[in-house]
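The chain contents come next:
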Amino acid sequence: MSLRTPDTVKKLQTTLHAQAKKSPSWRGYTLYDKVYRLDVLWTAYQQCRRNGGAPGVDQQTFDDIEAYGATQWLGELAQALREKTYRPAAVRRVHIPKPGQPGRTRPLGIPTLTDRVVMTAVVLVLDPIFEVDLQPEQYAYRPQRSALDAVRHVHSLLNTGYTEVVDADLSGYFDSIPHPELMKSVACRISDKAMLRLIKMWLEAPVEECDSQGRIQRTTHNRDRQHGCPQGAPISPLLSNLYMRRFVLGWKVLGHEQGLQARIVNYADDLVICCRGSAETALTALRDMMAKLKLIVNDEKTHICRIPQESFDFLGYTYGRCYTSKGRVYIGTRPAERKITHVCRTIHELTTLRWSWMEPTAQVRRLNEVLRGWGNYFYLGAASKAYRRVMQHTRKRLRQWLCKKHRVRSQRYTRYSDAWMHHELGLVNLEKQRRNFSCANA
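Residues numbered from 1 in each chain as written. Predicted model: local features only at pLDDT ≥ 70, side-chain atom pairs only at ≥ 80, totals over all residues. Heavy atoms only, no water.

J.: Sorry if this is basic, but what is going on with the pattern of salt bridges here?
T.: Opposite charge on two side chains makes pairing possible when the charged atoms of those side chains draw close. On inspection of all chains with the given rule, the structure shows 21 salt bridges. Here Asp 224 and Arg 223 are joined by a salt bridge, their closest N and O atoms 4.0 Å apart. Look at Asp 224 and you get exposed, because its relative accessible area is 54%. Residue Arg 223 is classed as partly exposed on the basis of its relative accessible area, which comes to 44%. A salt bridge links Asp 418 to Arg 399; the nearest nitrogen and oxygen atoms lie 2.5 Å apart. One end of the pair, Asp 418, is in helix 19 (residues 418-423); the other, Arg 399, is in helix 17 (residues 384-406), and 19 residues separate them in sequence. One network of salt bridges, in which partners are shared, links Arg 388, Arg 395, Arg 399, Asp 418 and Glu 431. (Salt bridge = Lys/Arg side-chain N within 4 Å of Asp/Glu carboxyl O. Buried < 20%, exposed > 50% of the residue type's maximum accessible area, 1.4 Å probe, protein only. Helix = DSSP H or I, 4+ residues; strand = E, 2+ residues; numbered from the N terminus.)

Quick look at the structure:
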């Protein structure tokens, strides 16, 4: 579903952005009333509805809101905000598996739909202001920027002499962000007390989760420890970027970028520092700065990598020595092994016997969604071998699925050939649609 931002909301965002850009010391002192404007709330509601997601602790769904009447629901929410009677509900915490890391999970906070709509409305108002201050090295959750831009940036640095890399890992970044320091960062641009109070309430909201015996427990760890920003809430990307800005900007102000010839590339809580022969000193500076920011560096996963002798992974890509078809060596990128394994595992799960009731064309549509999504991200660098492996696995699994579904025991390849699956069933062929461009030319 495409979503067009109303002109009135665009005008508001443009005005706020221009004010912030005009003066680095400008602070917004009348912003809260913009949050409960009906055009802003309606835009926020549409964005949340497009993103979907599970219900919060109140189990309210978008269907429930539509049945009640979205216009009336938003009107009541606007009144609650206007009268300052709005209070956030508890955040429902779930644990989702980490891709490519069996047995490991990531905590995810799911606010109620009411809280998500209000948070999104706040982001619509605040994002144009803080976008002015975010550093060029920060690529996450920003307009006209993406993870692939960060991948290209790292590749460019490696090929211009920054071949010593500090591959940094922060332990529980979102859960470690200290509230007082974060609120100071927010207050540098926002002086509206009602807006600051709103953000503070979200940071201190209680958390509900099921224990190992299925009992629901409510905790107030974030409020008690004054740490943590729920990963999964619409406001979290903005706040996490804002706090990471302290590190990125501090790195420059302290002279590390020029003095150590060490360049940062950051995407959310993923971070690398590309250096020219000063990686050990840069790593020491990283640890010192993170300690002052009250963030935890994972020493087990943080290490120095020297290219091209070694390789490292960042944002799903492996960086290091690559070879052309003629055997020439170059520094390049390729899809990381764990990402190839992960998509193959997904294809495997989609083609088990439990899905034998599906029609072949419907099954192929599901597989195509996975293949297109994976291929649209992993097309930079040396992707040909990865494409070949993924397609070989997909064709093999689809052929096995078709044979089990139709109880075919002989002449399997003749009946379900590669060409037949592509031409008759419409299976996507990444090898034919290959976009194996180098990062420099992408």
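Here the narrative resumes, following the displayed structure.
J.: How do you make sense of helix 10 (residues 193-203) when you look at a structure like this?
T.: In an α-helix, one full turn covers 3.6 residues, which means residues spaced three or four apart are oriented alike. Most of helix 10 is tucked away: eight of the 11 residues are buried. Of the positions making up helix 10, those classed as buried are Ala 194, Met 195, Leu 196, Leu 198, Ile 199, Met 201, Trp 202 and Leu 203. Contact partners of the buried residues in helix 10: helix 2 (32-35), helix 6 (113-130), helix 9 (179-187), helix 11 (221-225) and helix 12 (236-253). Residue Asp 192 occupies the N-cap position of helix 10, its side-chain oxygen lying 3.0 Å from the main-chain nitrogen of Ala 194. (Contact = heavy atoms within 4.5 Å. Polar contact = N/O pair within 3.5 Å; in protein donor to acceptor, adjacent residues only side chain to side chain.)

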